[in-house]
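Residue strings, one per chain:
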Amino acid sequence: MPTPSVDIATNIWPLLQVIIGGTIASIGGWTVAVVNQRMTRKHEQLIVEREKLENLVSAIFDLELWLKKEENCYLFSHPENLEPSPAARITTIAVLYFPDMEPAAAQLMVATDNHRSLLMDIRLDMNTKNLQKATPDHVAILAKENTIATVNAARQKLLIHAKTKMKELLST
């Protein structure tokens, strides 16, 4: 006759196998779910970053058109440009989504503000002299100060950052 301890071990061993196997399967299933969720979240985050980067680059190009409208307004008495500056949108996107681009975006904002300030000064001089168009002297001031070159350099710098970032995002 078998001893009672052998009977218990014989009866418990299959139960322990089921419990251990079930535990391992549960842990494995949970781990797969967690890893899958993290991968999905990372993929969704990459999609958002790409979209925001596209918005940033679009705003950088919009800035060029906006500045032309500003020049027409101030230098040639065209209707006032009531559109908000894309520089604010550029800075906002950089601050919120791409902190490494924030200094370049801030440089662009300052350069844009300086150029617009010069245009406003010229417009004030034109108003004082009751002029409808900028004179050669005004054009000479623009050429001497060359604030638009600073804006373009800052735009180019930010575009290079954006291209580098997009390559990085596309490679992941």
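What you are looking at is a predicted structure, and each value in this text was computed from that prediction instead of being measured. (Residues numbered from 1 in each chain as written. Predicted model: local features only at pLDDT ≥ 70, side-chain atom pairs only at ≥ 80, totals over all residues. Heavy atoms only, no water.)

The helix and strand inventory of the protein chain stands at 5 helices and 0 strands. Mapped in sequence order, the helices and strands of the protein chain form the string α-α-α-α-α. Scaling as 2.2 N^0.38, a compact globule of 172 residues should have a C-alpha radius of gyration of about 16 Å, whereas the protein chain reaches 32 Å, well beyond that. Viewed in the frame of its principal axes, the protein chain has a C-alpha envelope of about 120 × 25 × 20 Å. Out of the 172 residues in the protein chain, the part that is buried amounts to 27%. Nonlocal contacts in the protein chain, meaning residues at least 24 apart in sequence, comprise 74% of its contacts between residues at least 6 apart. Element-wise, carbon and sulfur atoms account for 63% of the exposed surface of the protein chain, whose accessible area totals about 11,500 Å². (Helix = DSSP H or I, 4+ residues; strand = E, 2+ residues; numbered from the N terminus. Rg over C-alpha atoms; globule rule 2.2 N^0.38 Å. Buried < 20%, exposed > 50% of the residue type's maximum accessible area, 1.4 Å probe, protein only. Contact = heavy atoms within 4.5 Å. Areas by Shrake-Rupley, 256 points an atom, 1.4 Å probe, with all protein chains shown as cover.)

Tracing the chain through its elements places T147 in helix α5 (residues 147-170). For T147, a relative accessible area of 12% puts it in the buried group. Setting aside anything within four residues of it in sequence, one finds T147 in contact with N114, H115, L118 and L142.

Our focus in this paragraph is helix α2 (residues 86-97). For α2, spanning 12 residues, the distance from its first C-alpha to its last is 16 Å, which sits close to the expected 16 Å at 1.5 Å a residue. Buried residues of α2: P86, A87, I90, T91, I93 and A94, and no others. For α2, the angular spread of the buried residues around the axis is 165 degrees, confining them to a single face. Between the side-chain oxygen of the N-cap and the backbone nitrogen of A87 there are 3.0 Å, and the N-cap of α2 in question is S85. (Expected span 1.5 Å × (residues − 1). Arc of directions from axis to C-beta. Polar contact = N/O pair within 3.5 Å; in protein donor to acceptor, adjacent residues only side chain to side chain.)

Grouped together as the largest cluster of nonpolar side chains are 25 residues, with contacts concentrated most on L53, L56, L63, I90, M101, L108 and L158. Top element by residues in this core is helix α1 (residues 4-76). It accounts for 8 residues. The contacts of L158, once residues within four sequence positions are left out, are I60, I90, M101, A104, A105 and L108. The next biggest cluster of nonpolar side chains, apart from the first, holds 8 residues, and it includes Y74, L119, M126 and A134. (Core = buried A, V, L, I, M, F, W, Y, C linked by side-chain atoms within 4.5 Å.)

For the rest of this paragraph, the subject is a nonpolar patch on the surface. On the surface, a nonpolar cluster with roughly 680 Å² of combined accessible area is contributed by I12, W13, L15, L16, I19, I20 and I24. Tracing the backbone shows I19 in helix α1. (Patch = residues over 30% accessible without salt bridge, like charges linked within 9 Å, V, L, I, M, F, W, Y side chains within 5 Å. Salt bridge = Lys/Arg side-chain N within 4 Å of Asp/Glu carboxyl O.)

Counted by the stated rule, this structure contains 6 salt bridges. With a shortest N-O distance of 3.6 Å, E64 and R155 are connected by a salt bridge. Of this pair, E64 sits in helix α1 while R155 sits in helix α5, and the two are 91 residues apart along the sequence. One salt bridge in this structure joins R116 and E70, with 2.3 Å as the shortest N-O distance. Of this pair, R116 sits in helix α3 (residues 102-128) while E70 is found in helix α1, placing the two residues 46 residues apart along the sequence.

The analysis is restricted to geometry; functional conclusions fall outside its scope.
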